[in-house]
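# Fold and geometry: a report
Chain by chain, the residues run as shown.
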Amino acid sequence: MNVCTIGTGYVGLTTGACLAFMGHQVTCIDSDEKKVAMLKAGQSPIYEPNLPELLEEAAANLRFSTDYAEGIPDADVIFIAVGTPPTPSGSPDLRYLCSAAQGIGQHYDGVYTVVVNKSTVPIGSGNWVGSLVRESYEQHHGRKAENRFSVASNPEFLREGTALHDTLYPDRVVIGSDDQRSLETLYSLYRPVLDQTFAAPTYLPRPEDVGAVPLISTDLASAELIKYAANAFLALKISYINEIGMLAEKVGADIAQVAKGIGLDARIGTRFLQAGLGWGGSCFGKDTAALVATAQEYGISTPIVEAAREINKRQRERVVEKLLGELKILKGRTIGLLGLAFKPNTDDLREAPAIDIAKKLLERGCKVKVHDPVAMERFQHEYPDLSVVCCKEASEVLDDADALVLVTEWQHYRELPWEDLVSRMRSPIILDGRHVLDRARLTRFGYKYFGIAG
């Protein structure tokens, strides 16, 4: 099929590259000229494992442009994958979604097309996008849109760092529409994924346990709510284990063993039960806020989701409390932070715990040193006014530090020569914010180790 994706962030670029890899003709459109220039030059504007290789392999079926006119006409399917950042009220900012819908109406040629909301959007946005496309089409073409297009919702469930795997080998595919023809079109588009009939990339082989992928075909509103409900539930699991972690610390229990003990219950599962600094990134914070805001519009309170958000916020504050407990005075101390990205295998800093922690420590009068194996350049670009010391090597963060906080669980940090670095710290205190370092080993080397939950 001819496919167009509007937006080349994690969702739009990953979707476009994977569909092009499977043989569809894909045009990716973005208003950012710098990003488009990078993509035309064969460079990825985001860090995602194996994405450069996939872009190269799918290059014959991919093109990039800033001009809607190059991708909208002749498209069988148009994915809207633009940003929907949160506003101060928690509701998503829909200006980019509005602009994309109006651009589609202006440029599409009137031949039947499925317009797909791939961005995470509030419930009811499918109807709104449909009206925007229709109004724009009729304004620019001088005739009724009639049944020349339909709108569908196809929420993404990608994890940054494993986005290609999650696209090619998903747990399920959800498509929602009130028009049967659009459901059939999307089924045809995704059939190679659903049946797993495509030849897997050599650098991302098909897992042995992957069979036919379930398809959830539903109405628009249900598909939109599925996305919010799924992310909110995952956020709840993380906040729940962090709340239990606070109790574990008080009673002397091992939160890692507690998490394992409850996670092996098949009704609960082990995923998203790792105690630590909480969640960040572009999804959980934004989506839980939007879910709360949407519920409020209908006069419904969501105390469980609101509590999860509050617990997540508190985890970052606990870092300062823990350091105060060990050092007594923070003013004038040097604190090192290992990791800036909100999770490993990405350079995404949105809602990253490290940013909040750095700001809180600076407010306390600390000197803050930071390192990240991938996200340093993006950090310096996005936070030029944050007065921290950026270190080229992880080992430099330990020099004369009064305490060290592991914020992002990069494998690189687990493999540091810790026994050789202990003497470089002023006081060898390590706060493991992700519970991934070997407590016994570090203690043997002379570090004072403590976790965010004990």
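None of the values given here were measured: they were computed from a predicted structure.

In total, this model carries seven aromatic pairs according to the counting rule given. Judged by centre distance (6.2 Å) and plane angle (50 degrees), the ring pair of F272 and F284 falls under tilted. Taken together, the residues F272 in the loop between α9 (255-263) and α10 (284-297) and F284 in helix α10 connect sequence positions 12 residues apart. On the basis of relative accessible area, F272 is assigned to the partly exposed category, the value being 21%. When its relative accessible area of 11% is taken as the criterion, F284 is described as buried. Consider the rings of F379 and Y383, whose centres lie 5.8 Å apart with planes at 25 degrees: the pair is stacked. Since its relative accessible area comes to 2%, F379 is described here as buried. For Y383, a relative accessible area of 24% gives the class partly exposed. One residue, R444, lies across the ring of F445, its end atom 5.6 Å from the ring centre.

Next up on the list: the nonpolar core. In a soluble, globular protein the nonpolar side chains are often hidden away together inside. With 60 residues, the main nonpolar core has L323, I335, L337, L338, L361, W418 and Y447 as its most contacted residues. With residues near it in sequence (within four places) discarded, L337 still touches A354, I357, A358, L361, V368, K369, V370, H371, V397, V405 and V407. Counting residues in each nonpolar core, the second largest holds 40 residues, with Y10, L13, Y112 and L186 among its members.

With that settled, consider the environment of E415. Mapped onto the secondary structure, E415 falls in the loop between α15 (411-414) and α16 (418-421). Take E415: its relative accessible area is 56%, and that puts it in the exposed class. Separated by 130 residues in the primary sequence, E415 and G285 place their C-alpha atoms 31 Å from one another. A polar contact of 3.0 Å, which involves the side chain of E415, links it to the side chain of Q411.

Moving on, we come to α10. With 14 residues, α10 extends 20 Å from end C-alpha to end C-alpha; this agrees with the ideal 20 Å at 1.5 Å per step. Among the 14 residues in α10, 12 count as buried, and that is most of the element. Listing the buried residues of α10 in full gives F284, G285, K286, D287, T288, A289, A290, L291, V292, A293, T294 and A295.

The next point concerns unusual backbone geometry. Even without a glycine there, the phi angle at D74 is positive, about 75 degrees. Looking at where D74 falls in the secondary structure, it is placed in the loop between β3 (62-65) and β4 (77-80). One non-glycine residue with positive phi stands out, namely E351, at about 60 degrees. Turning to its location among the elements, E351 is positioned in the loop between β9 (334-338) and α12 (353-363).

Right, let's get into helix α1 (residues 10-21). In this model, α1 (12 residues) spans 16 Å end to end at C-alpha, consistent with the 16 Å of a helix rising 1.5 Å per residue. Where burial is concerned, most of α1 is hidden: 12 out of the 12 residues are buried. Of all the positions in α1, only Y10, V11, G12, L13, T14, T15, G16, A17, C18, L19, A20 and F21 are classed as buried. Directly beyond the C-terminal end of α1, a positive phi value near 110 degrees is found at G23.

Here we take up the pairing of strand β13 (residues 429-432). Here β13 shows a buried face lined by I429 and L431 and a second buried face lined by I430 and D432. Examined bridge by bridge, strand β12 (residues 403-406) and β13 share three bridges and lie parallel to one another. Within β13, the position partnered with L406 by the bridge is D432. The pairing of β13 with strand β14 (residues 448-451) spans four bridges and is parallel.

Let us now look at the packing of helix α4 (residues 95-107) against helix α5 (residues 125-141). Between α4 and α5, whose axes approach to 7 Å, the crossing angle comes to 40 degrees. In terms of axis orientation, α4 runs oblique to α5. Read as a crossing pair, α4 and α5 show a hand that is right-handed. Seen from α4, the contacting residues are L97, C98, A101, Q102, I104, G105 and Q106; seen from α5, they are S125, W128, V129, L132, V133, S136, Y137, H140 and H141. Of the residues contributing to the contact of α4 with α5, the split by class is nine nonpolar, seven polar and no charged.

This part is about the side chain of D30. You can see D30 is positioned in the loop between β2 (25-29) and α2 (33-40). For D30, a relative accessible area of 10% gives the class buried. Polar side-chain contacts of D30 include one of 2.8 Å to the backbone nitrogen of D32. Those residues within four positions of D30 in sequence are excluded, and the remaining contacts are G7, T8, K35, V36, S65 and T66.

On the basis of which strands lie adjacent, the open sheet formed by eight strands has the order β3-β2-β1-β4-β5-β6-β7-β8 and mixed pairing. Strands with a single pairing partner mark the edges of an open sheet, and in this sheet they are β3 and β8 (215-218). Geometrically, the sheet is characterised by an average inter-axis angle of 20 degrees between neighbouring strands, direction not taken into account. In this sheet, β2 lies alongside strand β1 (residues 2-6) in parallel orientation, the contact comprising five bridges. Counterpart to T5 in the pairing with β2 is C28. Across the sheet, helix α7 (residues 180-195) lies against β1, β4, β5 (113-117), β6 (149-153), β7 (173-177) and β8, angled at about 170 degrees from β7, the strand it touches most.

About the criteria used
Residues numbered from 1 in each chain as written. Predicted model: local features only at pLDDT ≥ 70, side-chain atom pairs only at ≥ 80, totals over all residues. Heavy atoms only, no water. Phe/Tyr/Trp six-rings, centres within 6.5 Å; stacked < 30°, edge-to-face > 60°. Helix = DSSP H or I, 4+ residues; strand = E, 2+ residues; numbered from the N terminus. Buried < 20%, exposed > 50% of the residue type's maximum accessible area, 1.4 Å probe, protein only. Lys NZ or Arg CZ within 6 Å of the ring centre and 35° of its normal. Core = buried A, V, L, I, M, F, W, Y, C linked by side-chain atoms within 4.5 Å. Contact = heavy atoms within 4.5 Å. Polar contact = N/O pair within 3.5 Å; in protein donor to acceptor, adjacent residues only side chain to side chain. Expected span 1.5 Å × (residues − 1). Pairing = 2+ DSSP bridges. Axes fitted to C-alpha atoms, helices over the stretch in contact; angles between N-to-C directions. Parallel < 35°, antiparallel > 145°, perpendicular 65-115°, else oblique. Left-handed = near helix turned anticlockwise from the far one by under 90°. Nonpolar A, V, L, I, M, F, W, Y, C, P; charged D, E, K, R; others polar.

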